[in-house]
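Observations on chain architecture
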Amino acid sequence: MNTQRFRYTWQVAILLMFSSLLAGCGINNIPTYDEQVKSAWSQVENQYQRRADLIPNLVETVKGFARQEQETLTAVVEARAKATSINISAEDLNDPAKMRQFEQAQSQLTGALSRLMAVSERYPDLKSNQNFLALQSQLEGTENRIAVARRDFIASVERYNTEIRTFPGRIWHSLMYSDMPIRENFSATTENAEQAPQVNFE
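Residues numbered from 1 in each chain as written. Predicted model: local features only at pLDDT ≥ 70, side-chain atom pairs only at ≥ 80, totals over all residues. Heavy atoms only, no water.

1. Considering helix 2 (residues 29-65)
The terminal C-alpha atoms of helix 2 lie 55 Å apart, and with 37 residues this matches the ideal 54 Å at 1.5 Å per residue to within 8%. Within helix 2, the axis deviates most sharply at Ile 55, by approximately 30°, and proline Pro 56 lies no more than four positions further along. (Helix = DSSP H or I, 4+ residues; strand = E, 2+ residues; numbered from the N terminus. Expected span 1.5 Å × (residues − 1). Bend = angle between axes of the 7 residues up to and from the residue.)

2. Focus: the pattern of salt bridges
One pass over the structure, following the stated rule, counts eight salt bridges. Here Lys 38 ties to Asp 34 by a salt bridge, and the two come within 3.2 Å at their closest N and O atoms. Of this pair, Lys 38 and Asp 34 both sit in helix 2, four residues apart, roughly one helical turn. Look at Lys 38 and you get partly exposed, because its relative accessible area is 27%. Put simply, Lys 63 and Glu 60 hold a salt bridge, and the shortest N to O gap is 3.2 Å. Residue Lys 63 and its partner Glu 60 are located together in helix 2, separated by three residues, close to a single helical turn. In this structure Lys 63 comes out as partly exposed when scored by relative accessible area, which is 22%. Through salt bridges with shared partners, a single ionic network connects Asp 34, Glu 35, Lys 38 and Arg 183. (Salt bridge = Lys/Arg side-chain N within 4 Å of Asp/Glu carboxyl O. Buried < 20%, exposed > 50% of the residue type's maximum accessible area, 1.4 Å probe, protein only.)

3. Looking at unusual backbone geometry
The omega torsion of the bond from Phe 167 to Pro 168 falls at 0°, within 30 degrees of zero and hence cis. By secondary structure assignment, the location of Pro 168 is in the loop between helix 6 (130-165) and helix 7 (169-175).

Here's what the structure looks like:
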């Protein structure tokens, strides 16, 4: 009886020691970093959605002062519709074509917003309107949040990709996580895309 108890205790001790060795050698790093990539991407989408939510009010405010700028207003509305129609799921993060499509749509929206803000320069009454100033400030803050969220996503993808390409992560990747591919990262889709658009007209 004591021999069985001793053997059982010894097996539990070996199992606990083996588990702690595995936990300390990075076996969980790859799925942990993968979840961080997905979380960081959710923040990117969250900030782009925040920007999209501001646009209808901004367009309506500008329209009240500059109805003759219909072409610019239409371009913003169409770019917003296209940008919000492309959704990227966690699985799509592994699809470079889908990611490029999403980036291009967001880039077109950024360009349309820049043109809308440039139009506002021609309307002093619009520039001094409190609603417009508040929306302009929120948009500027959102563009900065987008830049931060993209930066965080890029860093999390870099950490994940580095883990599965270097020792010991490369071993765990080949043994246990071979179905988890190298992830694509953001690439600049427009000139100076890494900089937040300037929307301050003071």
